[in-house]
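# What the coordinates show
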Amino acid sequence: MEAAKQFRKQQGEKKKKKKSKIKGHTGAGGVKGEEKATAAVSSTAVTASASSAGAGDENEEEDDDVDVEEPEMEPELEALLSTLTPLQILLLDESVELGEDDNKPAASMLEEAEESIMEEDKDEQIPTETDDILGDVNPLHLIGDLTIQHRARTLLSSIIQPSGVSVSEFYKRYWGKRPLLAALEESEDGANENDYEDGGEDVKLQQQLEHATRLNGFLHRKSIDDMIRKNKLRYGLDLNVTRYTDSLGNGTRHRITLDPPPKKRKSKTGSGGGAVDDVEYIVANPTDVWTNVDASHCTLRLLRPHEHNDNIHSMLSLLESEFGCMVGSNAYLTPLHSQGFAPHYDDVDVFILQLEGYKRWRVYAPMNKQETLPRVSSRDYTEKEVEESMGEEVLDVVLVPGDMLILCT
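Residues numbered from 1 in each chain as written. Predicted model: local features only at pLDDT ≥ 70, side-chain atom pairs only at ≥ 80, totals over all residues. Heavy atoms only, no water.

### Comments concerning the overall build of the protein chain
Within the protein chain, the regular secondary structure consists of 13 helices and 13 strands. Within the protein chain, buried positions represent 45% of all 409 residues. Of the accessible surface of the protein chain, which amounts to about 21400 Å², a share of 46% is contributed by carbon and sulfur atoms. (Helix = DSSP H or I, 4+ residues; strand = E, 2+ residues; numbered from the N terminus. Buried < 20%, exposed > 50% of the residue type's maximum accessible area, 1.4 Å probe, protein only. Areas by Shrake-Rupley, 256 points an atom, 1.4 Å probe, with all protein chains shown as cover.)

### Examining the packing of helix 7 (residues 148–160) against helix 12 (residues 310–323)
Two elements in contact, helix 7 and helix 12, have axes whose closest approach is 8 Å; the angle formed by their N-to-C orientations is 105 degrees. Relative to helix 12, the element helix 7 is oriented roughly perpendicular. Residues I148, Q149, R151, A152, R153, L155, L156 and I159 of helix 7 touch helix 12, and the partners they reach there are M315, L318, L319, S321, E322 and F323. For the contact of helix 7 with helix 12, the residue count by class is 9 nonpolar, 2 polar and 3 charged. (Axes fitted to C-alpha atoms, helices over the stretch in contact; angles between N-to-C directions. Parallel < 35°, antiparallel > 145°, perpendicular 65-115°, else oblique. Contact = heavy atoms within 4.5 Å. Nonpolar A, V, L, I, M, F, W, Y, C, P; charged D, E, K, R; others polar.)

### Examining the sheet that holds strand 9 (residues 327–334)
Pairing within the open sheet is antiparallel, and its 8 strands lie in the order 3-13-10-2-9-8-4-5. Strands at the two margins of the open sheet, each flanked by one partner only, are strand 3 (180–182) and strand 5 (254–257). Strand after strand, the sheet turns through a mean of 20 degrees between neighbouring axes, direction not considered. Where strand 8 (residues 299–302) lies against strand 9, 3 bridges are found, and the strand directions are antiparallel. Bridging from a neighbouring strand, L302 pairs with A331 of strand 9. In the packing of helix 11 (residues 286–294) onto the sheet, contacts are made with strand 4 (239–245), strand 8 and strand 9, and the angle to strand 8 comes to roughly 130 degrees. In this fold helix 12 packs onto strand 2 (43–50), strand 9 and strand 10 (349–356), with an angle of close to 135 degrees to the strand it touches most, strand 9. (Pairing = 2+ DSSP bridges.)

### As for the nonpolar core
Residues F170, L300 and F323 are the most contacted members of the largest nonpolar core, which totals 52 residues. Here this core takes 6 residues from helix 12, the largest share from any one element. Excluding its chain neighbours within four sequence positions, the residues that come into contact with F323 are A50, L156, Y171, W175 and F351. Core analysis: the second largest hydrophobic core is formed by 13 residues, A183, V348, V363 and L399 among them. (Core = buried A, V, L, I, M, F, W, Y, C linked by side-chain atoms within 4.5 Å.)

### Description of the packing of aromatic side chains
Under the counting rule described, the total for this entry stands at 9 aromatic pairs. Seen in terms of ring centroids, F170 and Y171 are 5.3 Å apart; in terms of plane orientation they differ by 50 degrees. Their pairing is tilted. Of the two residues, F170 and Y171, both sit in the buried class. Between Y332 and F341 the ring centres are 5.8 Å apart and the planes differ by 85 degrees, which places this aromatic pair in the edge-to-face class. Grouped by ring-pair contacts, the aromatic residues F170, Y171, W175, F323 and F351 constitute a single cluster. Note that R221 overlies the ring of W290, its terminal NZ or CZ placed 4.1 Å from the centroid. (Phe/Tyr/Trp six-rings, centres within 6.5 Å; stacked < 30°, edge-to-face > 60°. Lys NZ or Arg CZ within 6 Å of the ring centre and 35° of its normal.)

### Quick notes on helix 10 (residues 221–231)
What helix 10 keeps buried is the set S223, I224, D225, D226, M227 and I228. Residues of helix 10 that are buried make contact with strand 2, strand 4, helix 11, strand 8 and strand 9. Immediately beyond the C-terminal end of helix 10, within one or two residues, lies K232, with a positive phi of roughly 50 degrees.

### A look at the environment of E385
By the element assignment, E385 lies in helix 13 (residues 383–389). In contact with E385, other than residues within four places in its own chain, are R379, D380 and M390. A polar side-chain atom of E385 sits 2.9 Å from the main-chain amide nitrogen of T382. (Polar contact = N/O pair within 3.5 Å; in protein donor to acceptor, adjacent residues only side chain to side chain.)

### Looking at unusual backbone geometry
The backbone of K232 sits at a positive phi, close to 50 degrees, despite the residue not being glycine. Position of K232 among the secondary structure elements: in the loop between helix 10 and strand 4. Despite not being glycine, H337 has its phi angle at roughly 55 degrees, a positive value.

### A closer look at the side chain of E78
Here E78 shows up in helix 2 (residues 75–81). Despite its burial, E78 remains without a salt bridge, the nearest opposite charge being carried by R153 at 5.5 Å. In this structure E78 touches M73, S157, S166 and V167, once residues within four positions along its chain are discounted. (Lys, Arg positive; Asp, Glu negative; His and termini not counted. Salt bridge = Lys/Arg side-chain N within 4 Å of Asp/Glu carboxyl O.)

### Focus on the pairing of strand 13 (residues 404–407)
Residues of strand 13 alternate between two faces, with M404 and I406 on one and L405 and L407 on the opposite face, all of them buried. The sheet contact formed by strand 3 and strand 13 spans 3 bridges and is antiparallel. Looking at strand 13, one finds that A182 is bridged to M404. Pairing of strand 10 with strand 13, which is carried by 4 bridges, proceeds in the antiparallel orientation. Looking at strand 13, one finds that V350 is bridged to L407.

### Digging into the pattern of salt bridges
All told, the structure shown has 13 salt bridges when counted by the stated rule. Each of the salt bridges in this network shares a partner with another, and the network as a whole consists of R234, D238, R304 and E307.

### Describing the packing of helix 10 against helix 11
Helix-helix packing: each pair is described by the crossing angle between the helix axes and the interaxial distance. One way to put it is that helix 10 packs onto helix 11 with a least axis distance of 10 Å and a crossing angle of 140 degrees. Of helix 11, the residues touching helix 10 (which contributes R221, I224, D225, I228 and R229) are P286, V289, W290 and D294. Tallied by class, the residues present in the contact of helix 10 with helix 11 amount to 5 nonpolar, no polar and 4 charged.

Now the structure itself:
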């Protein structure tokens, strides 16, 4: 509690003077083009989906002033805590336990963060935009003083931090209205060359490194392989192997799934005493899975990785406290020059966290008003339909490690 008191006392004089300046952003949610890896490494991404969305009309400016119920947090405190990575926030929760293998990078990252923040020689530290309010307070020491509600708010603030948008501004201008891209070069605070005068290229490179590693510790190829082997993941239930390709040779690409179909077996446990068809899902052979990914350029989709990964589970649990609704997750690993899914839209708000590699996303405005707030997900669209019938393309972006994209319904 002493750290929190020290911080609040330190901010007493600055609170009235300091104001956050946030610029507006235009855009729209709608159909999303399939992701496409554009680098020489596979792309790994986690998508967290919120099942309840806000509503709004981006053409009516007065809607931007809609009131959102939220826990009060001083802007300076939110800015300070948002400098922590999502995993640093989660690992300080007593309910999160470190695993033997998957979380070693996370534990190492946490130790390195502690050491860098407590470094006595401040002349060698890289300055950041919140240095003027940090003082002698270690943000890691403040997390333990927060309520669950404030910790959930801090997690969301950390996730969207590269955008330069505060959580309050996110709810007012983006939630249920338009996409939000949180990327190092897309910050609404608008870093420019003058920001790097003192530190030069070293500062810029350090910021790029910190951004690229800020989502470390959730998933990577080895942890995915361990998950498949240890938990005997099943096709169609726990994972999919899929590809978007012209398999018929007629010039039209469509999605194909390479999952072996489940087996039907007779069971005599029916309530009526008769035989009842039961379905047995096939356990995925890791060798077959990686052959399809590496040799056939298929996308691997994990349908509910949070059931087998404590860090993802903890992140979703805390986000549920923030949004007040159920939050689920999928994870996608897509090889270079590959595409796993057809253009489509979802009936949930999607938070895309780019963990590894590079992936291109094309986002289009809804084709009509009926698709603005969909209650069901769409069918797969063809590329011809996208060219001829889709709404305006509002976003064409390549996500890099550390980037986050929110697609609201």
